[in-house]
Amino acid sequence: MNIKELLPVERIALNVQVNDWEDAVRTVGRLMVDTGVVEERYIEGMIATAKELGPYIVIAPGVAIPHSRPEDGVITTCLAFAQLNPPINFGNEANDPVRVLFALGALDHSEHVEALKEIAEILTDQDQFDKLLNAESLNEITAILYGD
Amino acid sequence: MAKRLKILAVCGMGIGTSMLLKMQLDKVIKNLDIDADVDLADISTARGMAVNADLIVTSNELVDRIGDVTAPIIAVANFMDLDSLTEGVRSALKLD
């Protein structure tokens, strides 16, 4: 499934202000809970994963992809997106501060692969990436994420 | 014919970050024209799977958790930086 199928506008938040990285993960996780695609405990799962394994979820400068295990409460494969303002440190020296989060809920090893590929394409295209960081409206964001 | 190499992409769960890593590694091996398969592992299964791997690639935040393995390990900070990853693979596999 592609980004458009896994990430409806209801799970996109812009210009989000948070206190710390846990707050950032909770905020993006809340979008998933509120739209019924993960159980409440998945939020704590994502936080526990980052605590246990360190801030490896910050995969590139400014970008975090919080996620946990399928059995931690994923109902359907899904994505949620938040753009932070101001950016927040996750403790990943190479890639802090984080400006955008793509939270992932995966049921298996295949359903989210196409969307991840699309995300990687956006993140490796400097022009698209800059637009994603600086977008001020939902329309601007969906134009980038959905490619339309 | 040279043997097909096994590259192991390791992350915490084997679902998100290692999947992204595999995508990037697939591009790298294509660019370098290497005959290799990229497998996914999570941190708990990585050590066992590492026995048969020619190269291990993981996040710089996880590298200390892999422990003693014989295969070379590449620690990646920026998963989107294909040039650095390509250089890392080239150097670790001694392709020059």
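Description of the structure in this document.

Rules used throughout
- Residues numbered from 1 in each chain as written.
- Chains lettered and ligands numbered in written order.
- Predicted model: local features only at pLDDT ≥ 70, side-chain atom pairs only at ≥ 80, totals over all residues.
- Helix = DSSP H or I, 4+ residues; strand = E, 2+ residues; numbered from the N terminus.
- Rg over C-alpha atoms; globule rule 2.2 N^0.38 Å.
- Contact = placed C-beta atoms within 7 Å.
- Buried ≥ 20, exposed ≤ 12 C-beta atoms within 10 Å, placed from the backbone.
- Pairing = 2+ DSSP bridges.
- Nonpolar A, V, L, I, M, F, W, Y, C, P; charged D, E, K, R; others polar.
- Axes fitted to C-alpha atoms, helices over the stretch in contact; angles between N-to-C directions.
- Left-handed = near helix turned anticlockwise from the far one by under 90°.

Scanning chain A from terminus to terminus reveals 6 helices and 5 strands. Computed over its C-alpha atoms, the radius of gyration of chain A comes to 14 Å, within 12% of the 15 Å expected for a compact globule of 148 residues. Oriented by its inertia axes, the alpha-carbon framework of chain A measures out at about 35 × 30 × 25 Å. Of all intrachain contacts in chain A linking residues separated by at least 6 positions in sequence, the fraction that spans at least 24 positions is 69%.

What follows covers the overall build of chain B. A tally of helices and strands in chain B yields 4 helices and 4 strands. Helices (α) and strands (β) of chain B occur, in sequence order from the N terminus, as β-α-β-α-β-α-β-α. At 12 Å, chain B has a C-alpha radius of gyration in line with the 12 Å of a compact globule built from 96 residues. Across its three principal directions, the C-alpha atoms of chain B cover 30 × 25 × 20 Å. Residues counted as buried form 41% of the 96 residues belonging to chain B.

To continue, consider unusual backbone geometry. Put simply, N85 of chain A and P86 of chain A share a cis peptide bond, and its omega is 10 degrees. Within the secondary structure, P86 of chain A is located in strand β4 (residues 78-88). For the peptide bond that leads from D96 of chain A to P97 of chain A, omega is -5 degrees, which places it in the cis range. Phi is positive for N15 of chain A, which is not a glycine, with a value near 55 degrees. One can find N15 of chain A in strand β1 (residues 12-16). The backbone of K94 of chain B sits at a positive phi, close to 50 degrees, despite the residue not being glycine. If you trace the backbone, K94 of chain B turns up in the segment after α4 (82-92).

Moving on, we come to the pairing of strand β3 (residues 55-59) of chain B. Residue and element names in this part refer to chain B. For β3, the buried fraction is high: 5 of the 5 residues fall into the buried class. Relative to β3, strand β1 (residues 5-11) runs parallel, the two being bridged by 4 bridges. When the bridges of β3 are listed, V10 appears paired with T58. In terms of strand pairing, β3 meets strand β4 (residues 73-76) through 4 bridges, oriented parallel. Note that in β4 the partner of S59 across the bridge is V76.

Bringing the interface of chain B and chain A into the picture now. With 20 residues of chain B at the contact, the number on the chain A side is 24 residues. Per-element tally for the side of chain B that touches chain A: the top contributor is helix α1 (residues 17-31) of chain B, with 5 residues. Per-class residue counts for the side of chain B that touches chain A are 12 nonpolar, 7 polar and 1 charged.

Here we come to the sheet that holds strand β5 (residues 98-105) of chain A. Residue and element names in this part refer to chain A. Pairing is mixed across the open sheet formed by 5 strands, whose spatial order is β1-β4-β5-β3-β2. Either end of the sheet is taken by a strand with one partner, and the two such strands are β1 and β2 (58-60). Here 2 bridges tie strand β3 (residues 63-64) to β5, and the two strands are oriented parallel to one another. Note on β5: the bridge partner recorded for V63 is V100.

Turning our attention to the pairing of β5 of chain A. Residue and element names in this part refer to chain A. Extensive coverage of β5 is indicated by the burial of 8 of its 8 residues. As paired strands, β4 and β5 are joined by 7 bridges and run antiparallel to one another. Considered in β5, the bridge of C78 is made with G105.

Summarising the element assignment, A94 of chain A is placed in the loop between β4 and β5. Accessibility expressed as a C-beta count within 10 Å gives 15 for A94 of chain A, which makes it partly exposed. Distance from A94 of chain A to W21 of chain A, taken between C-alpha atoms, is 16 Å for residues 73 residues apart in sequence. Residue contacts for A94 of chain A: discarding those within four places in its chain leaves N60, A77 and N78 of chain B.

Let us look at the packing of helix α4 (residues 113-124) of chain A against α1 of chain B. For any two helices packed against each other, the geometry is given by the interaxial angle and the distance between the axes. The contact between α4 of chain A and α1 of chain B brings their axes to 10 Å, and the two run at 65 degrees. In this structure, the crossing between α4 of chain A and α1 of chain B has a hand that is right-handed. On α1 of chain B, the residues that touch V113, L116, K117 and A120 of chain A of α4 of chain A are M19, L20, M23 and Q24 of chain B.

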